[in-house]
Amino acid sequence: ADVISTVEFNQTGEFLFLATGDKGGRVVIFQREPQGEYNVYSTFQSHEPEFDYLKSLEIEERINKIRWLPLHNPAHFLLATNDKTIKLWKVSERDKRAEGYNLRDEEGRLKDLSTVTTLQVPVLRPMDLLVEASPRRVFANAHAYHINSISVNSDCETYLSADDLRINLWNLNITDRSFNIVDLKPENMEDLSEVITVAEFHPHHCHLLAFSSSTGTTRLCDMRASALCDQHAKLFEEAADPSHRSFFSEIVSSVSDVKFSHSGRYLLTRDYLTVKVWDLNMENKPVETYQVHDYLRTKLCSLYESDCIFDKFECAWNGTDSVIMTGAYNNYFRMFDRASLRDVTLEASREVCKRRAVLQPRRVCVGKKQKETDVSVDSLDFRKKILHTAWHPKENIIAIAASNNLYIFQDRLTPNGHHNTPEIQSCRQHHNNLMNCYEHI
Amino acid sequence: GNRAAQPGTTQRAEGDDSLYPIAVLIDELRNEDVQLRLNSIKKLSTIALALGVERTRTELLPFLTDTIYDEDEVLLALAEQLGSFTVLVGGPEFVHCLLPPLESLATVEETVVRDKAVESLQKISQEHSPVDLEVHFVPLVKRLASGDWFTSRTSACGLFSVCYPRVSSTVKAEIRQHFRTLCSDDTPMVRRAASSKLGEFAKVLELDYVKSDIIPLFTALASDEQDSVRLLAVEAGVSIATLLPQEDLEDLVMPTLRQAAEDKSWRVRYMVADKFSELQKAVGPEITKNDLVPAFQNLLKDCEAEVRTAAANKVKVFCESLPEDSRETIIMTHILPCVKELVSDTNQHVKSALASVIMGLSTILGKDNTVEHLLPLFLVQLKDEYPEVRLNIISNLDCVNEVIGIRQLSQSLLPAIVELAEDAKWRVRLAIIEYMPLLAGQLGVEFFDEKLNSLCMAWLIDHVYAIREAATCNLMKLVEKFGAEWAQNTIVPKVLGMANDSNYLHRMTTLFCINALSEVCGQEITTKHMLPVVLKMSTDQVANVRFNVARCLQKIGPVLDSSALQADVKPVLEKLATDQDMDVKYFALEAISGMYPFISLTFQHISSQKHFNSPLYCFFFSFSPCCLGYRRLHCVIVKFFKHYLWMSCIYFIYSCIYLFIWSTCTFLKGSSDAHFPQVDMIL
């Protein structure tokens, strides 16, 4: 239940918050202290296990996705979803308390009525800061299948929620109605050939949304053209190499995550073996393709047997869109510098991550070990996987969720106090000294 | 004590007894139960009255200002209350004391609360003196307009227009500047708010400033990158167009509006279509002819069904408001071709929207054009596969009737209606039945007898109960329209004839019809014609018919005179009360106790309805598979316990016993009737 199922930084980064959701339905919010460390700010139970009596289905409490809303007022808002229900939470601070009753004393005992001769209006007195999370809205009963993603529109008025076959559009203020904008459900379920894996809104253009499917395609829809977006505006798909076709090629090409770059020009997609960067203006092939763990290509059969081949890895952009990060097995995660085309493999585990320690790059070798620190493919632990990663929208701070541990790394400060430019160079040499390591208990 | 020293004591001079309820109210302002807090907030005026104006200002309002942590419903009530608090703080002189709490309410995240706070602020702004307005109100608007959070800035947008007319010209300039800033705010939420308030603000501005300030803002908002901002600008454009003199419209507003009608986003075009008649009014006949007609054509042909639906809805109003001299030509040459295409649209909502207004065109076009051009379209829509489309046509037949006359209508449209009335889907038939009284009213008695009467009678023997039920109800409405005499001649003989039908369902329909018709037909027809038939049916061999006779007699009782009640009805009911079937017995007893209360006191409690109305009773009988059969049993049980047990226990014990009996009966799988004697014995 403590296994982290999603990690998300606050969008603006002005108030440094980081939220994680776990399999037990809990949301934990971390706040960055002035010294740069993240501490737990608030913890609350967002979802409870439920049972759908009509369909005899258990609904897990696991938090599938968290999305922060742009700031409204001093309070913070986030959307959290499990398989069926999306909830809007408000996290607010309170530092005043009302005091003074007419008919009772402060302990709550009734006063003698004869002593009550004047009316007393309660007064507010300062108290210790209290952080409260309260559910503001519950968006339920709109999805027949499991919700895999939610995404807030740049108009800050609407958001989408996607399940395996449909995408719904909601108004944040209206809980009893949503509009179905994409429906892939065929009339006959036997004709079903693909499912939606992720959907996301464009960061600036309120009418654009991208969704990817299990067949490895990503579609871009323009909501201006029509109320129903079943017809896509663009289809991003790379022609499969016929020489590489195998039983697994469709499974490994399934897109597990899609992220728009902060600039809005590129799309980042993650499939089982690679991350790809697409230019929105070029549909037929990605502009960049990075191999995450190509050495697994020969081991797909055993990965299929252990179901690992269906793992859904997430990917992330850094604040300036110059570096890409994604997770892998054996508690490794990978970073790719787009300009220098350099890449690095790092490990997030309790053994290597000492406070303030600098992470050492790892290497996985296929054949014989060349160095002491190298790890052979056969000794990779496929149970230790990093599925959920997030990069701070402005700074070089990353959050890595490995099972029930959350690791937060920061670019090490250079002597003049400025952060290093996020080159892989810096990644390798002094990037990522561990700031905090949290265990979800 | 020293109460006299306290301010505001005049209201509570009567002593501590009057203090207590107020003290409770104040304490409940911070009760843990939301409902109690809400109640307390709703009585805020009582609290304020008790505290007096000074303590309200110095103590209550500061407390309320910081209470913004509360639930939305409490805040909403608070925002509403404060709008009418002026007297309670000491009149217009002190009205500015209400600004701090409303200001904090105007910054909360919940839209409804903010809107209510803004509404209250608008209200109390009128109670400010011009000086107070500049000293207190305008600074508040400025604070909100330059607030850190978008919530306060959106609230500010709604406040400019109320203070603008009443301030000095320097302050006016500042206000305009603030509004400009908000129109180019970073967040789409604020731009949306500014866009939606633009028209309202333009109304209070001097015409020169409308031209110099508002037009550029409007143009900018109408080409915003966010769809949601642009679509709100359309409405503002309509308001602005009403303010400008005709000669300026072409240069200042039309380019932007034209662009909106061809916007890439269907939502913006939808908004244009939705506001089309307002727009038409605002821009006047010349521009309508030159610009709006082609724009309207395009909207009717839009690629998005939502837009076509909105445009189709406006067809009639648009055509009606066209300038008289060229109306017919424009409709015939420009609008009608588009309408013809819409009739066979692929989207049902488009067709349905069109069907609801298309009949209105006939009055505008006159008889010849209607017959030649519109009737074929009506016919196509009447045969549409979607019932909603057909219904919309039928429900508007009267306007065509006026234009082309009944004969024409009957020849062309009636066959289609009759076809629908015999549709294989019972829901379609049901919908048609519901329109029958309307149609009858439109077509008149003569025509109805000739064409539709047989149809109405045929429904009475429909094989779907819902249709038979609707048909009886329909008969009642027809009689209401055409009168009792007509009923006696045309309907009553046919209805009564069914009493001899071999099918007991049809015989029951007779009874149901009598239930419905007795009142509208009056005493004479009921006593002379209906009653004998009902009485005769009391010897029917089917129990369902017999107990419905009992129910029917109870129903028509009030219509009959007392001699008939005593001489004819009572013996029959008494006989039914000794019937073998328990349901018949039950309803006969109920009828007797309902109609002859003085001679049947013994049955009083049965029909007193007290027990039958209890939730528990309803609970059981709604779940019970054979509820009718157990009703009498229930009575016996209640009667039994009534004398021996505390009333409040009855339902509990009764429910246990009832469940036990029910499960035993079910378990034994015998016919339920067979087991009742046993049950009685147990008791």
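Below: a short report on this structure. Worth saying up front: this structure is predicted, and the values here are computed from it rather than measured. (Residues numbered from 1 in each chain as written. Chains lettered and ligands numbered in written order. Predicted model: local features only at pLDDT ≥ 70, side-chain atom pairs only at ≥ 80, totals over all residues. Heavy atoms only, no water.)

Okay, the interface of chain B and chain A next. If you look at the interface, chain B gives 45 residues, while chain A gives 43 residues. Interface area, chain B with chain A, both sides summed: about 3900 Å², of which 54% is carbon and sulfur. For the pair chain B and chain A, the interface holds 7 salt bridges. Between Lys96(A) and Asp66(B) there is a salt bridge; the shortest N-O distance is 3.7 Å. Applying the counting criterion to the chain B and chain A interface returns 14 residue pairs in polar contact (both at pLDDT 80 or more). Those elements giving two or more residues to the side of chain B that touches chain A turn out to be α1 (16-28), α3 (44-65), α8 (150-157), α11 (188-204), α13 (227-243) and α16 (266-274) of chain B. Here the side of chain B that touches chain A takes 8 residues from α1(B), the largest share from any one element. For the side of chain B that touches chain A, the per-class residue count stands at 18 nonpolar, 7 polar and 20 charged. (Contact = heavy atoms within 4.5 Å. Buried area = accessible area lost by both parts, 1.4 Å probe. Salt bridge = Lys/Arg side-chain N within 4 Å of Asp/Glu carboxyl O. Polar contact = N/O pair within 3.5 Å; in protein donor to acceptor, adjacent residues only side chain to side chain. Helix = DSSP H or I, 4+ residues; strand = E, 2+ residues; numbered from the N terminus. Nonpolar A, V, L, I, M, F, W, Y, C, P; charged D, E, K, R; others polar.)

Turning our eyes to something else, we now look at the state of the cysteines. Evaluated as defined, the whole model comprises 0 disulfides over all chains. With no disulfide of its own, Cys221(A) lies 5.0 Å from the sulfur of Cys229(A), the closest cysteine sulfur. Given a relative accessible area of 1%, Cys221(A) falls into the buried group. Cysteine Cys473(B) is unpaired, with the sulfur of Cys513(B) as its nearest cysteine sulfur at 11 Å. In this structure Cys473(B) comes out as partly exposed when scored by relative accessible area, which is 31%. (Disulfide = S-S within 2.5 Å. Buried < 20%, exposed > 50% of the residue type's maximum accessible area, 1.4 Å probe, protein only.)

Residues and elements named next belong to chain A. With antiparallel pairing, the 4 strands of this open sheet are ordered in space as β23-β24-β25-β26. With one partner strand each, in any of the chains shown, β23 (315-317) and β26 (343-347) form the two edges of the open sheet. Within this sheet the neighbouring strands show an average axis-to-axis angle of 20°, counted without direction. Direction of pairing for strand β24 (residues 323-327) relative to strand β25 (residues 332-337): antiparallel, over a ladder of 5 bridges. Bridge assignment links Thr326 to a residue of β25, and that residue is Arg334. (Pairing = 2+ DSSP bridges. Axes fitted to C-alpha atoms, helices over the stretch in contact; angles between N-to-C directions.)

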